[in-house]
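Fold and geometry: a report
Residue-level listing of the chains:
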Amino acid sequence: MSKPLINRAAYYLHVGALLALAAGSVHALEYRSSARHGVILYEAPNENSTKRFVLSANIPLELIAEQGNWLRVRDRDGTLAWLAKTDASSTRYVQVSKLADIRVAPQPQATTLFKAERNVLLQLLDNTGTGWLKVKHRDGQTGYIRIEEVWGV
């Protein structure tokens, strides 16, 4: 015998509400950067755990989770590790993935200001929402790079 129509409707309404709540809890990717030279990434959220890596300043890291005074992060290569919150900066940087042109305007035909080699770190000033990022080189030059040419955004 089939379930009454009201019970089935209530069931599907309940399931739909749960799915909507779950969808609402999905977060956009969030990034931080290493705050200074010599930042240590650990195996576990504890300074007595195994030290995995030592980072230079301004390395972009994807934030995965927070636990007390620790952040679970992923680097460009996909490596997961723990970082003390005090060693993370909210000043955003991106890391160039391949030789890329930095342009004077967010357009493919715009004049090239300079070329950035793989692994160059650029300060992220703005995400234009059009596939272009406004970035600043440590020497002070400001321009635009295609979003697919960097990691960290």
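Structure: above.
Below, the structure is looked at part by part. (Residues numbered from 1 in each chain as written. Predicted model: local features only at pLDDT ≥ 70, side-chain atom pairs only at ≥ 80, totals over all residues. Heavy atoms only, no water.)

So, the overall build of the protein
Counting secondary structure elements, the protein contains one helix and 14 strands. In the protein, which comprises 153 residues, the share counted as buried stands at 35%. Within the protein, contacts between residues at least 6 apart in sequence are counted, and of these 48% link residues at least 24 apart. Working note: accessible area of the protein is about 9600 Å², and carbon and sulfur atoms make up 51% of it. (Helix = DSSP H or I, 4+ residues; strand = E, 2+ residues; numbered from the N terminus. Buried < 20%, exposed > 50% of the residue type's maximum accessible area, 1.4 Å probe, protein only. Contact = heavy atoms within 4.5 Å. Areas by Shrake-Rupley, 256 points an atom, 1.4 Å probe, with all protein chains shown as cover.)

Examining the pattern of salt bridges
All chains considered together, the criterion is met by eight salt bridges. Note that R32 and E30 form a salt bridge whose closest N and O atoms lie 2.6 Å from each other. Overall, E30 belongs to the partly exposed group, its relative accessible area being 39%. Between R146 and E148 there is a salt bridge, with its nearest N and O atoms 3.2 Å apart. Since its relative accessible area comes to 24%, R146 is described here as partly exposed. (Salt bridge = Lys/Arg side-chain N within 4 Å of Asp/Glu carboxyl O.)

Quick word on the layout of surface pockets
In this structure, the largest pocket encloses a volume near 260 Å³. Contributing to the lining of the largest pocket are 13 residues, with N58, Y93, L121, L122 and R138 lying nearest its centre. Ranked by residues supplied to the lining of the largest pocket, first place goes to strand β11 (residues 121-127) with three residues. The residue inventory of the lining of the largest pocket, partitioned by class, reads five nonpolar, six polar and two charged. (1 Å grid on protein atoms, 1.4 Å probe; cavity = no way out; pocket = protein on both sides within 12 Å on 5 of 7 lines; lining within 4 Å. Points joined across faces, edges and corners; volume = space filled by probe spheres on them. Nonpolar A, V, L, I, M, F, W, Y, C, P; charged D, E, K, R; others polar.)

Quick word on unusual backbone geometry
Even without being glycine, N58 reaches a positive phi, approximately 70 degrees. Its location among the elements puts N58 in the loop between β3 (51-55) and β4 (60-67). Overall, the relative accessible area of 23% leaves N58 in the partly exposed class. Positive phi is not limited to glycine here, since N119 has a value of about 80 degrees. Using a relative accessible area of 35% as the deciding quantity, one classes N119 as partly exposed.

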